[in-house]
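Close look at the chain arrangement
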Amino acid sequence: MKGVAVIGVGHARFGRRPDASVQELAFEAFAEALADSGLERGAIDASVIAAVPEYHTQRSIAGVVQEYLGLLPQPTWLTEAACASGSAAIRTAWLSIQAGVHEVVAVVGCQKMTELSTQEVLGLMGRVGDVQWESCYGTTFPAYYAMFARRHMHEFGTTREQMWAVAVKNHHYGAQNPYAMFRKEITLEKAAAAEGVADPFTVYDCCANADGAACVILASADRARAGRRPPVWLTGMGAASSSMSVLRRPHLTGLPSAEQAAAEAYAMAGVRPADVQVADVHDCFTIAEIMAYEDLGFCARGEGGAFIAERKPYIGGPVAVNVDGGLKAKGHPIGATGVSMTVEIAKQLRGEAGDRQVPDARIGLTHNVGGIGQYCFVQVLSREPVHQ
Amino acid sequence: MFKWYGRKSFTPATRIGAFADHLRDGRIMASRCLGCGAQAFPPRADCDVCMHRAFEFVEISGRGHLHTHTRIEAAPTGFEAWAPYRIGVVDLEEGGRILAWFGEGISDDAIAIGMPVQLVPRILDEMEDIHVVCSIEPPGTTWQKHEAGAHAGVSSPGEHRPTPEEPIR
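Conventions we followed
- Residues numbered from 1 in each chain as written.
- Chains lettered and ligands numbered in written order.
- Predicted model: local features only at pLDDT ≥ 70, side-chain atom pairs only at ≥ 80, totals over all residues.
- Helix = DSSP H or I, 4+ residues; strand = E, 2+ residues; numbered from the N terminus.
- Buried ≥ 20, exposed ≤ 12 C-beta atoms within 10 Å, placed from the backbone.
- Contact = placed C-beta atoms within 7 Å.
- Rg over C-alpha atoms; globule rule 2.2 N^0.38 Å.
- Nonpolar A, V, L, I, M, F, W, Y, C, P; charged D, E, K, R; others polar.
- Pairing = 2+ DSSP bridges.
- pLDDT = per-residue confidence, 0-100.

For chain B, the count of helices and strands is one helix and eight strands. Secondary structure elements in chain B, listed N-terminal to C-terminal, are α-β-β-β-β-β-β-β-β. Across the 169 residues in chain B, those meeting the buried criterion constitute 37%. Look at the contacts in chain B between residues 6 or more apart in sequence, and 52% of them connect residues 24 or more apart.

Looking now at the overall build of chain A. Each helix and strand in chain A was counted, giving 13 helices and twelve strands. Taking 21 Å as the expected radius of gyration for a compact globule of 388 residues, we find that chain A reaches 19 Å, a close match to that expectation. Taken along its principal axes, the extent of the C-alpha atoms in chain A is 55 × 50 × 40 Å. Looking at chain A residue by residue over its 388 residues, the buried ones come to 64%. Across chain A, the fraction of contacts at a sequence separation of at least 24, relative to all contacts at a separation of at least 6, is 78%.

This paragraph deals with the interface of chain B and chain A. Counting residues at the interface gives 33 residues for chain B and 30 residues for chain A. Listed by contribution, the elements that provide at least two residues to the side of chain B that touches chain A are β4 (63-72), β5 (85-92) and β6 (97-102) of chain B. Broken down by element, the residue count for the side of chain B that touches chain A peaks at six residues, all from β4(B). Class assignment of the residues belonging to the side of chain B that touches chain A gives a composition of 17 nonpolar, eleven polar and five charged.

In spatial order, the strands read β2-β1-β3 (chain B); together these three strands make up an open sheet with antiparallel pairing. At either margin of the open sheet sits one strand with a lone partner, and together these are β2 (39-40) and β3 (55-60) of chain B.

Attention now goes to the confidence of the model for chain B. Any segment with low pLDDT has predicted coordinates that should not be analysed in fine detail. Residues and elements named next belong to chain B. When pLDDT is averaged along chain B, the result is 89; 88% of the residues meet or exceed 70. The model gives residues 152-169 a pLDDT under 50, and that stretch makes 25 contacts with residues more than four places away or in other chains. We note a pTM of 0.95 for the whole complex and an ipTM of 0.94 for its interfaces.

Here's what the structure looks like:
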């Protein structure tokens, strides 16, 4: 039968990691995933590396990582879609298994964001937008999301307190995640009093650059059933893109790519938003998580602020969102982030999330965004290969 | 010369390069497709409606309404000396949007989403190289316009037609 499942997961500690090179971070995650799967290295047919190459001094990063993991001579390639590289890599691995070309594929997301100097990173940061019409006026990542936030506040009455409530939640759960960069609780007052970045944002509205790696091993249905661990099935795989330039978007209160990718993923999986019990969403900024509630259909457009204010995305609410700390508290090693999301949801569906476990989680979702919404990938994951 | 456009240029070469020449002459230009007539702002050389590759510039009023805005505290490389600075996205009356800085005519506390604004071409004379930008100003702001190419050293910006080597659909 057809179908692709996650059969092994591994995660390196996210954060400032001056102790390790990028391939050593990748090894940390891969070794854990391999042990989890119970496979020998020789059983892996191919590897897909997720990373954003311009942040590394090493070029051809896939080759270096592959060699260090000891996966020669199997094929390897890099998949890049900015901050959505992780989910894009999972998609290419899924495609290769669905096509019958490979049976078992390792996806390794890895990134060292602290390798370049602050000056070099600020230079790259100045070119995240459309350079012809926008970067020439000094735009930044936070500035784009700050402008989404301003528009959201204007149209729907969303408040700064509601946005900071997202950061408070994610730090609450991040404090309980041993892999997270920031393992401490914060308060609304602390977020409000913090240094400004781009109004209405303070530093607590923004996720932090981090080093890190995560790995999932995917397998065909036959191989997954013969595996050591209970398979977690990729039942809905949605992907879409939006214009690079905010000057060409139909609206700035959400990400059209996310709405489209979510609709595709739900249709493929045969589920509705209300069926999702646990989700990891791309909270690169607090408003991004509020827009994600709406883009994914967890609430109606404009109601995302009330959704967090009423604590609905906490464990015990209708859908638990970013209960691993999200990008905000876990840190954002961009190539690793999407893979980390799938690791977390697989653990939740296997019932292995410890104190952060969502009770009887059977259906989960990941939402991984590249750039300011140019790319979006949404996965529905399930304990069962098909939904009845 | 598109390298004139913006406070820092990342795009030296483009087929709509004369946009910056027009801006220097005091004119804000959209593009109009010579195949289907579709108008675009920001201007584009190649039509995304009908795939035609020839276009002409058409002047727009620069009037519009503020869509959203932010004040950047943490600036990228090359912009540190100006920080903090406020940027806005404006919905243009003739269609399309533009991103630009606010001029001195609009104070921070007067800024409100939805307010009517006027985009005004500005030549930045505090900088060593030529830089031309659009500035978000109050409605009714006026400025001087020049004949095309009246500035010394400015190439004559006409409509752009593909050269014979370029395929035309």
